[in-house]
Amino acid sequence: MRDQGKSEEEVMEGLQRMREKDLSYHRIFSSMCTPPHPIALLAHERFQETNLGDPGLFPGSAELEAEAVRMMAELLGYPDACGYLSTGGTESNIQAIRAARNAHSFRDGNIVVPKSAHFSFDKIGDLLSIEIRKADLDDDLKADLASVESLIDDKTVSLVGIAGTTEFGQVDPIGEMGEIALDSGIHLHVDAAFGGFVLPFLEGEWRWDFTVEAVTSITIDPHKMGMATIPGGGLLFRRPEDLERLAAYAPYLTVARPKALTGTRSGAAAAAIWAVMNHLGREGFKKVIDRCMDLSRRMVAGAREIGVEPAIEPVMNVVTLRMDDPEGVRADLLERRWRVSTTRCPKALRLILMPHSTAESVDLFLEDLRDVLKR
Ligand code: PLP
C-alpha cells in the first residue's frame, strides 16, 4: 500500500484502465451472467451500504429480503417456503446439503448427485466431509434413475436433482427422484441456480419445483437469469425446521440465530432482486425468456445449415453443438474475439443465449463458426 494517497481523479483513471481490460458481454456466449437490468443497478446503488447480517439495523433491507424470498417461493409453486438470499448457487448448494446432513445424528454420510452436477458439489464433499456419489446419466443426459437408486444406502442424507444443468441445460426427472427420496426418507435438493428463472416461464409441464412433494430445498440464482446484481443468490426450504438447522448463535448482532453462511451480507443485492422482480413481473420475465429461447432456436437452426447438430435439442437457453474438436474450434473463435466454452461428455461447443445476446450477434457468430469449421 502506498504511503500517500492518490487524488480521486488518478484513482478513477486507474480504475478505468482496468475496466477497459474487462470484456463487454456482447461477444460472450460462455457466461451464465448478464449485465444487470438498469433498475437493479439503481436499487443496488441506493442500498450499497446496508448489511443483512445485522438486520435490526436495516429493517427496510430485511423486509426487501423477506419479500424477495416470498416472490421466489411463489414462482416455485409454494408461497409458504422459507429461506434467505445467499451469495449465489455455490453457497445455496452448500447450505442445502448442510441442512440435510444436520438432520441426522451421524456426520460421515453421503449424497447422491448426477454426474452433471455443478462443481460446487465437489467443494461440498470437501467442506462437509461427506462422500459425493455420482450417478450416471441416460442418453438424454438426465440422471439415470437405476444408477441413482443403486447408490443410495443408509448413510445417504440427500439426493440432488438439477433443473437446468450447467453444461447442457437439461432437467433431471425430479418427480421420479422425489419418489425415490420419499421411499428412502431423505432430502431432495433441486439445484435450479440457472433454471429457476427460466423454466417457470416455458410452455409445458415442468414438474421440478415445490409442487413435487418430496422437494425439500431449491437453489435459485437471481444474479444469473434473474438479471439482478452479483452477489444475488436464493435458497428456499419447504419446512422452517430445515432452515433452522443452519442457525448459529450470534451474541453481539441484532439477530440471535442467523442462518446464512456468510456473516456480513449485501442488502444491495436484495434490493436489486426485489426491484427487478417487481418491475418486470411474470409478463416481463416471460418476454425476456421467450427472446432467449428464440435466439437459442436461431442458433440451432443456423448451426444445422452449416452441418452442425446439437448434442441435445435445447431444453433451455443453453445450446451445445457436436463437432470433432470443440477445444480447437473454441481457440479459433477466441482469435475472432468470441468467448464460448466446451462440455466434457459428450464433447461439444457450449453457447448460452443470455439477455445480452442479440439476433445480430448470433448471425455474426454463425458466419465465423462456418469459416472456422472450413479450415
Ligand atoms: N448450480 C448450477 C446449476 C450452476 O449452473 C452454477 C453456476 O453456473 C452454480 C450452481 C454455482 O453458482 P455460483 O457461480 O453463483 O456460485
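The structure under discussion appears in the preceding block.
A quick note: this is a predicted structure, and the numbers were derived from the prediction, not measured.

*Asks:* Any chance you could explain the overall build of the protein chain here in plain terms?
*Replies:* Regarding its fold elements, the protein chain presents 11 helices and 10 strands. Compactness check: the protein chain gives a C-alpha radius of gyration of 21 Å against a globular reference of 21 Å for 375 residues, within 12% of the reference. Its C-alpha atoms give the protein chain principal-axis dimensions of roughly 65 × 65 × 45 Å. Scored against the burial criterion, the 375 residues of the protein chain give a buried share of 54%. When contacts within the protein chain are restricted to residue pairs at least 6 apart in sequence, long-range pairs at least 24 apart make up 71% of them. With the model as given, the accessible surface of the protein chain reaches about 17,700 Å², and the carbon-plus-sulfur share is 50%.

*Asks:* Is there a simple way to explain the nonpolar core in this structure?
*Replies:* Generally speaking, soluble globular proteins have nonpolar side chains that are buried together. Val 148, Leu 159 and Trp 208 are the most contacted members of the largest nonpolar core, which totals 60 residues. Counting only elements with at least two residues in this core, the list comes to helix 3 (59-75), helix 7 (174-184), strand 5 (187-192), strand 6 (215-220) and helix 9 (267-305). No other element matches helix 9, which puts 11 residues into this core. Look past the residues within four positions of Trp 208 in its chain and what remains in contact with it is Leu 76, Ala 163, Val 171, Ile 174, Val 190, Ala 192, Gly 195, Gly 196, Leu 199, Pro 200, Val 215 and Ile 218.

*Asks:* I would appreciate a short explanation of the site of the ligand in the present structure.
*Replies:* If you check the shell around the ligand, you find 13 residues, and the closest are Thr 90, Thr 166, Asp 191, His 223 and Lys 224. The side chain of Thr 166 places a nitrogen or oxygen atom 2.9 Å from an oxygen atom of the ligand. At 3.0 Å, a side-chain N or O of His 223 approaches an oxygen atom of the ligand. In isolation the ligand has 390 Å² of accessible area, and contact with the protein removes 84% of it. More than half of the atoms of the ligand fall within 2 Å of the grid points belonging to the second largest pocket. When residues of the shell around the ligand are assigned to their parent elements, the largest contribution, three residues, is made by helix 4 (residues 89-102). Class assignment of the residues belonging to the shell around the ligand gives a composition of two nonpolar, eight polar and three charged.

*Asks:* Just checking my understanding: could you explain the side chain of Ser 147 for this structure?
*Replies:* If you trace the backbone, Ser 147 turns up in helix 6 (residues 145-151). Look past the residues within four positions of Ser 147 in its chain and what remains in contact with it is Ala 135 and Asp 136.

*Asks:* Please explain the pattern of salt bridges as it appears in this structure.
*Replies:* Pairs can form between side chains of opposite charge whenever their charged atoms are close. Counted by the stated rule, this structure contains 26 salt bridges. Residue Arg 239 is joined to Glu 241 by a salt bridge in which the shortest nitrogen-to-oxygen separation is 3.8 Å. Of the residues examined, Arg 239 reaches a relative accessible area of 32% and is grouped as partly exposed. Between Lys 259 and Glu 244 there is a salt bridge, with its nearest N and O atoms 3.8 Å apart.

*Asks:* Explain the layout of surface pockets to me, please; I cannot follow it from the model alone.
*Replies:* With a probe scaled to a water molecule rolled over the atoms, the places where space remains empty come into view. Of the volumes computed, that of the largest pocket is approximately 350 Å³. The wall of the largest pocket is formed by 21 residues, among which Val 255, Arg 257, Pro 258, Lys 259 and Ala 260 lie closest to the centre. The class makeup of the residues in the lining of the largest pocket is 13 nonpolar, four polar and four charged. Roughly 210 Å³ of volume is contained in the second largest pocket. As for the second largest pocket, its lining consists of 15 residues, and the residues nearest its centre are Gly 89, His 118, Thr 166, Ala 193 and Lys 224. Contributing elements (two or more residues each) for the lining of the second largest pocket: helix 4 and helix 5 (120-128). For the lining of the second largest pocket, the leading source of residues is helix 4, giving three residues.

Rules used in this analysis
Residues numbered from 1 in each chain as written. Predicted model: local features only at pLDDT ≥ 70, side-chain atom pairs only at ≥ 80, totals over all residues. Heavy atoms only, no water. Helix = DSSP H or I, 4+ residues; strand = E, 2+ residues; numbered from the N terminus. Rg over C-alpha atoms; globule rule 2.2 N^0.38 Å. Buried < 20%, exposed > 50% of the residue type's maximum accessible area, 1.4 Å probe, protein only. Contact = heavy atoms within 4.5 Å. Areas by Shrake-Rupley, 256 points an atom, 1.4 Å probe, with all protein chains shown as cover. Core = buried A, V, L, I, M, F, W, Y, C linked by side-chain atoms within 4.5 Å. Near = heavy atom within 4 Å. Polar contact = N/O pair within 3.5 Å; in protein donor to acceptor, adjacent residues only side chain to side chain. 1 Å grid on protein atoms, 1.4 Å probe; cavity = no way out; pocket = protein on both sides within 12 Å on 5 of 7 lines; lining within 4 Å. Sits in = over half its atoms within 2 Å of the grid points. Nonpolar A, V, L, I, M, F, W, Y, C, P; charged D, E, K, R; others polar. Salt bridge = Lys/Arg side-chain N within 4 Å of Asp/Glu carboxyl O. Points joined across faces, edges and corners; volume = space filled by probe spheres on them.

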